[in-house]
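# Architecture at a glance
Below, each chain spelled out in residue letters.
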Amino acid sequence: MKHIIFTYLKKNRKPAVFYLFFLTLFYLVLYLYGVRADALSYAVFLSLVTFLVLGVWDLWRYVGKVKCMDEALRNMPYELGELPAPQDVPEEKYQEEIRILGERIVRLENDARISRQEMLDFYSLWAHQIKTPLAAMNLLLQSAEAGEGDRGMEAMRMELFKTEQYVDMVLSYLRAEDMSSDLLLKKYSLDEIVRQAVRKYSRMFILKKIRLEYKPCAKQVLTDEKWLLFVLEQLLSNALKYTETGAIRIRTEPGSPAVLLIEDTGIGIQAEDLPRVFEKGFTGYNGRQDKKSTGIGLYLCRMICDKLNHTITIASEPGGGTVVRLDLSREEMLHE
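An account of the accompanying structure is given in this report. In this text the structure is predicted, and so the values were computed from the model without any measurement. (Residues numbered from 1 in each chain as written. Predicted model: local features only at pLDDT ≥ 70, side-chain atom pairs only at ≥ 80, totals over all residues. Heavy atoms only, no water.)

Moving on, we get to unusual backbone geometry. Among all residues except glycine, the phi angle is most often negative; among peptide bonds, the trans geometry is most common. With phi around 60 degrees, K209 is a residue other than glycine that occupies positive phi space. Topologically, K209 is positioned in the loop between α7 (202-208) and β2 (211-214). Unusually for a residue other than glycine, N309 sits at a positive phi of about 65 degrees. Examined against the element boundaries, N309 turns out to sit in the loop between α10 (297-308) and β6 (311-316). (Helix = DSSP H or I, 4+ residues; strand = E, 2+ residues; numbered from the N terminus.)

Printed below as a string of structure tokens:
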């Protein structure tokens, strides 16, 4: 209560000083004109009493207003009570800003809660996924010790490769949300980046007996090598995962050397799933059948492509394979 009274007096110190100044001026003028001293004193007394009464009444209103504000802000930011009527334009703007900030805080907290839940869901699924290759490697080691030799070692290498994939996925997932500080944009050879991705998955091509048809891409593209390589690896990983027989074809679009096409002869994508394949956490019919899909890979591809100003689209039909179109072209900017 003392703090409220102190702030009230501090807030109204200028009006009080002006009042005393003009009261003194009024007294001097009347005194110089010969008005009786007792009449002047009585007038000053009545003026001071009126000033004090009005001051106490205004202080009472001020205290009530402070209590009303405390009550209204008690449950902020989740609930804003009824604020006292604003007395002037600045106070009206302050109240409006309080409402806006409250809504913003609630929205940010909800977004953060959703993001935390999505991350927990992803890590829970990732933990279950990574247990599979680790358990498989344990069994393969036991088989190798039992004398199965090279066959067990090759299978164990593939399980180790899958484990590395899952770890890379987690690291990329963490970095991709704020990848702006980790970009190095310059001209790169598209052919060299594609070959890096193909080399990484060469063992899987051999193991699954999938044929690779690749036409060299004689094009320099403005991009970030590391992130574009991640996108290509994800696309190859998906193509290999859902292709049991046939071939995977990598080529540039006729007439558009900066547009890369990755085609497979896999199981394809259901028509109702196709519009949602880039959504975070969406696995679709194929993912539900596979039981191991995270729904994160294509989401990361779209996010990375958007930040690199590339365009990624997918065309597919069930049983007819899938075609991923990666547009890496840019408009040339000419200096005048």
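So that's the structure; there's more coming.
In this section: the layout of surface pockets. A volume near 370 Å³ is recorded for the second largest pocket. Forming the walls of the second largest pocket are 16 residues, and the residues nearest its centre are Y8, N12, F51, L54 and G55. Looking at side-chain class alone, the lining of the second largest pocket contains 10 nonpolar, four polar and two charged residues. (1 Å grid on protein atoms, 1.4 Å probe; cavity = no way out; pocket = protein on both sides within 12 Å on 5 of 7 lines; lining within 4 Å. Points joined across faces, edges and corners; volume = space filled by probe spheres on them. Nonpolar A, V, L, I, M, F, W, Y, C, P; charged D, E, K, R; others polar.)

Let us now look at empty space enclosed by the protein. Scanning the entire structure with this criterion turns up one cavity of 30 Å³ or more. Elements represented by at least two residues in the lining of the largest cavity include exactly α6 (190-200), α8 (225-241) and β5 (256-264). For the lining of the largest cavity, the residue count by class is seven nonpolar, no polar and no charged.

Attention now moves to the side chain of S237. By secondary structure assignment, the location of S237 is in helix α8. With residues near it in sequence (within four places) discarded, S237 still touches Q165 and Y201. (Contact = heavy atoms within 4.5 Å.)

The next subject is a nonpolar patch on the surface. There is a patch of nonpolar side chains on the surface, built from F18, F21, F22, L25, V29, Y31, L32, Y33 and V35 and spanning about 1,000 Å² of accessible area. Tracing the backbone through its elements, the reader meets V29 in helix α2 (residues 13-32). Looking at V29, the relative accessible area reads 39%, which means it is partly exposed. (Patch = residues over 30% accessible without salt bridge, like charges linked within 9 Å, V, L, I, M, F, W, Y side chains within 5 Å. Areas by Shrake-Rupley, 256 points an atom, 1.4 Å probe, with all protein chains shown as cover. Salt bridge = Lys/Arg side-chain N within 4 Å of Asp/Glu carboxyl O. Buried < 20%, exposed > 50% of the residue type's maximum accessible area, 1.4 Å probe, protein only.)

Glancing now at the sheet that holds strand β4 (residues 247-253). Taken in spatial order, the five strands make up an open sheet running β2-β4-β5-β7-β6, and their pairing is mixed. Strand pairing shows two members of the sheet lacking a second neighbour, β2 and β6, which therefore form its edges. Pairs of neighbouring strands in the sheet enclose a mean axial angle of 15 degrees, with direction left out of account. Direction of pairing for β4 relative to β5: antiparallel, over a ladder of six bridges. Bridge pairing in β5 places R251 opposite L261. (Pairing = 2+ DSSP bridges. Axes fitted to C-alpha atoms, helices over the stretch in contact; angles between N-to-C directions.)

Next up on the list: the packing of α6 against α8. Helix-helix packing is characterised by the crossing angle of the two axes and by the distance between the axes. Here α6 crosses α8 at 45 degrees, and the two axes come no closer than 9 Å. The angle between the axes of α6 and α8 places the two elements in the oblique class. Relative to α8, α6 is oriented so that their crossing is right-handed. Here L190, I193, V194, Q196, A197, V198 and K200 of α6 come into contact with α8, specifically with E225, L228, L229, L232, E233 and L236. Grouping the constituent residues of the contact of α6 with α8 by class yields nine nonpolar, one polar and three charged. (Parallel < 35°, antiparallel > 145°, perpendicular 65-115°, else oblique. Left-handed = near helix turned anticlockwise from the far one by under 90°.)

Pairing of β2 with β4, which is carried by four bridges, proceeds in the parallel orientation. Of the residues in β4, the one forming a bridge with E213 is R249. What sits between β4 and β5 in their antiparallel hairpin is a turn of two residues, with G255 showing a positive phi close to 85 degrees.

Once that is clear, we can look at the pattern of salt bridges. Inspection of every chain in the model, using the stated rule, returns 10 salt bridges. Taking the shortest distance from any N to any O, the salt bridge between E244 and K208 comes out at 3.9 Å. You can see E244 sitting in the loop between α8 and β4 and its partner K208 sitting in helix α7, a full 36 residues away along the chain. A residue is classified by how much of its surface remains accessible, and E244, at 54% relative accessible area, is exposed. Residues joined by salt bridges that share partners form a network here, namely R249, R251 and E263.

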